[in-house]
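# Descriptive analysis of the structure
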Amino acid sequence: MNSTLRFINLFEEVSPEQFKASYWTQHFLFQRSQPDKYNSLLTIEDLDELLTVRLHDQIELVKQGKLLPREEHQDGQNKQKVFELYHSGYTIILSQLNKYWEPLRNLCLSVPDEIDFLRNVYANVYLTPQQSQGLAKHADLQDVLILQVAGSKRWKLFQQSFNHPTSREQFSKNADQIETGKLIFDETLTPGDLLYIPRGMIHEVFTSEQSSAHITLTLETYTNMDLMMDLLQKQVDESAFMRSTVSAGFHADKQAYLHNILQHLTEALPDFLHKNEVIVDESYPNSNANFRGHFLNLEKLHMIDENSTVTKRQNVDARIIQHGATFEIVCGGEKLEIEEAEAEMLFLKHSTTDFRPADLPGDSDLPSKIELIQALVEIGYLDITEA
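Bear in mind that the values here come from a model prediction, so they are computed numbers and not experimental data.

### Concerning the packing of aromatic side chains
The final tally for this structure, using the stated rule, is 10 aromatic pairs. Their ring planes at 80° and their centres at 5.2 Å tell us that phenylalanine 7 and phenylalanine 11 sit as a pair that is edge-to-face. You can call phenylalanine 7 buried: its relative accessible area is 1%. The exposure class of phenylalanine 11 is buried, given its relative accessible area of 8%. Arranged with centres 5.1 Å apart and planes meeting at 90°, the rings of phenylalanine 347 and phenylalanine 355 form a pair that is edge-to-face. The exposure class of phenylalanine 355 is buried, given its relative accessible area of 3%. Positioned above the aromatic ring of phenylalanine 158, the side-chain terminus of lysine 137 is 5.0 Å from the ring centre.

### Focus on the sheet that holds strand E9 (residues 194-197)
Taken in spatial order, the 8 strands line up as E1-E9-E6-E11-E5-E4-E2-E3 in an open sheet, and their pairing is antiparallel. Among the strands making up the open sheet, the edge pair consists of strand E1 (29-31) and strand E3 (66-67). Note that E1 and E9 share 3 bridges and pair antiparallel. Considered in E9, the bridge of leucine 29 is made with tyrosine 196. The strands touched by helix H4 (residues 102-110) are strand E5 (118-128), strand E6 (143-151) and strand E11 (212-221); relative to E5, the strand with the most contacts, the crossing angle is about 145°.

### Digging into the pattern of salt bridges
The final tally for this structure, using the stated rule, is 9 salt bridges. Where lysine 37 meets glutamate 12, a salt bridge forms, and the shortest distance between an N and an O atom there is 2.8 Å. One end of the pair, lysine 37, is in the loop between E1 and helix H2 (44-54); the other, glutamate 12, is in the segment before helix H1 (16-22), and 25 residues separate them in sequence. Of the charged contacts, one joins arginine 154 and aspartate 186 as a salt bridge, the two residues approaching to 2.8 Å between their closest N and O atoms. Taken together, the residues arginine 154 in strand E7 (residues 153-158) and aspartate 186 in strand E8 (residues 183-189) connect sequence positions 32 residues apart. Take arginine 154: its relative accessible area is 30%, and that puts it in the partly exposed class. Since its relative accessible area comes to 31%, aspartate 186 is described here as partly exposed.

### Here we look at unusual backbone geometry
Backbone geometry at glutamine 96 places phi at a positive 45°, although glycine is not the residue there. Structurally, glutamine 96 is set in the loop between strand E4 (91-94) and H4. Exposure remark for glutamine 96: the relative accessible area of 23% places this residue in the partly exposed category. Of note in this structure, phenylalanine 117 is not a glycine but carries a positive phi near 60°. Within the element layout of this structure, phenylalanine 117 appears in the loop between H4 and E5.

### Re helix H3 (residues 79-87)
Of all the positions in H3, only Val82, Leu85 and Tyr86 are classed as buried. Along H3, the residues classed as buried sweep out an arc of 105° about the axis, all on the same side. Looking at the buried residues of H3, the elements they touch are strand E2 (59-63), E4 and E5. Looking one or two residues past H3, glycine 89 carries a phi angle of roughly 115°, positive in sign.

### Focus: a nonpolar patch on the surface
Where nonpolar side chains cluster on the molecular surface, the patch consists of Met225, Met229 and Leu232 and spans about 290 Å² of accessible area. When you line up the elements, methionine 229 lands in helix H5 (residues 224-238). We classify methionine 229 as partly exposed; its relative accessible area is 45%.

### So, the environment of valine 330
You can see valine 330 is positioned in strand E15 (residues 326-331). Taking C-alpha positions, valine 330 is 7.9 Å from aspartate 317, a pair spaced 13 residues apart along the chain.

Cut-off values and rules
- Residue indices begin from 1 for each chain and proceed along its sequence in written order.
- It should be noted that, the model being predicted, local features are given only for residues of pLDDT at least 70 and side-chain atom pairs only at 80 or more, the latter also being counted only at that level, while totals for whole chains, interfaces and linings use all residues.
- Only hydrogens and water are set aside when side-chain values are computed; all heavy atoms of the structure are taken into account.
- Only the six-membered ring of Trp is used, alongside the rings of Phe and Tyr, when aromatic pairs are assigned; centres must lie within 6.5 Å, and planes under 30 degrees apart are stacked while those over 60 apart are edge-to-face, with the rest tilted.
- Think of it in three bands: with a 1.4 Å probe and only protein chains considered, a residue is buried below 20% of the maximum accessible area for its type, exposed above 50%, and partly exposed in between.
- Each ring is checked for a lysine NZ or an arginine CZ that lies within 6 Å of its centre and within 35 degrees of its normal; such an atom marks a charge sitting over the ring.
- In this scheme, strands are said to pair when DSSP sees at least two bridges between them.
- The helix count covers DSSP runs of H or I at least four residues long, the strand count covers runs of E at least two residues long, and both are numbered beginning at the N terminus.
- Residue contacts are defined here by distance: any two heavy atoms, one from each residue, within 4.5 Å place the two residues in contact.
- Helix axes are fitted to C-alpha atoms over the stretch in contact, other axes to C-alpha atoms as well, and angles between N-to-C directions run from 0 to 180 degrees.
- When a carboxyl oxygen of Asp or Glu is within 4 Å of a side-chain nitrogen of Lys or Arg, the pair counts as a salt bridge.
- Within this analysis, the arc is defined by the directions that extend from the helix axis to the C-beta atoms.
- The patch calculation keeps residues exceeding 30% relative accessible area without a salt bridge and links them within 9 Å when they carry like charges or within 5 Å when they are nonpolar (Val, Leu, Ile, Met, Phe, Trp, Tyr).
- Surface exposure here means Shrake-Rupley accessible area, sampled with a 1.4 Å probe, where a residue is shielded only by the protein chains that are shown.

Written out as structure tokens, the structure reads:
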């Protein structure tokens, strides 16, 4: 199966740079392409296999915005019931299919190469019968790209009435109660078409004479609020002042009390950022992390010697964080702390090819370098190419 279609290949009328500069989080984008544009990602024949053979327990059913309780179709196990519901107007949703379908997983993995500051990337697939509407008029809390795979579906977009909504506002659940603004887009998507919709833009979707199958590539962004909350949490972890209990002085002068906290944070920030410098930040959404072969690597750990070759694993959630003289490697939820290893860490940051333990710089002896390689393989940061 050809699975080479990447995020950068989705765009034809604009370059990825133009997309980021003029459309990303700002304006919708619509482009038409060849009907077989997405055949390497998913075909209607693939969907038939997924629905009838593979992913029975990954199915959700929705009609006019109402999600059918899973027990009513036995978590998708009752195939005949699912098909009956589909023909009665229910849309079939395969949620986060990228976890189980490699071409979509590879597509999701390619997104962070072009778009910075993402919390997650995933792909849902929607199969809607003719003359039907799965979801009522709504707005999403994430940026989405619609890739039309088969059939056709009419999309209406309305002028955005609220920029950058968050989950706290429950914007997507109450779109019918919000002023939609004027209609700015009304087109029927056919196979090969792409439609980018920024988060918060209200849209309405339905089929007519044809059924429809499309991929929704969902991009959850990392916001300024997320950044500040993460920084604050790390400050709390390291600051006794921030962990201390609110004192009685808060009631006497709330403004002065809060000002004192903000002043403390401002004064501590430069030193905090210096001590917590991230020298490697290769963050990929965990749902798409590629740890293929890791179990086999664990079986070979004891075989690693001076002649073994390893390579830095690509497309995983991996970071090397410096805390003074200590380096913390975080990979796939696992952590490894190493003392006095700046040369080795910088080597790993820039490594793009296979290497042997002796290739690691630094003053450590060969047995120590082999031990470090074993530890990095164990947490999934390195992949064994030859034991």
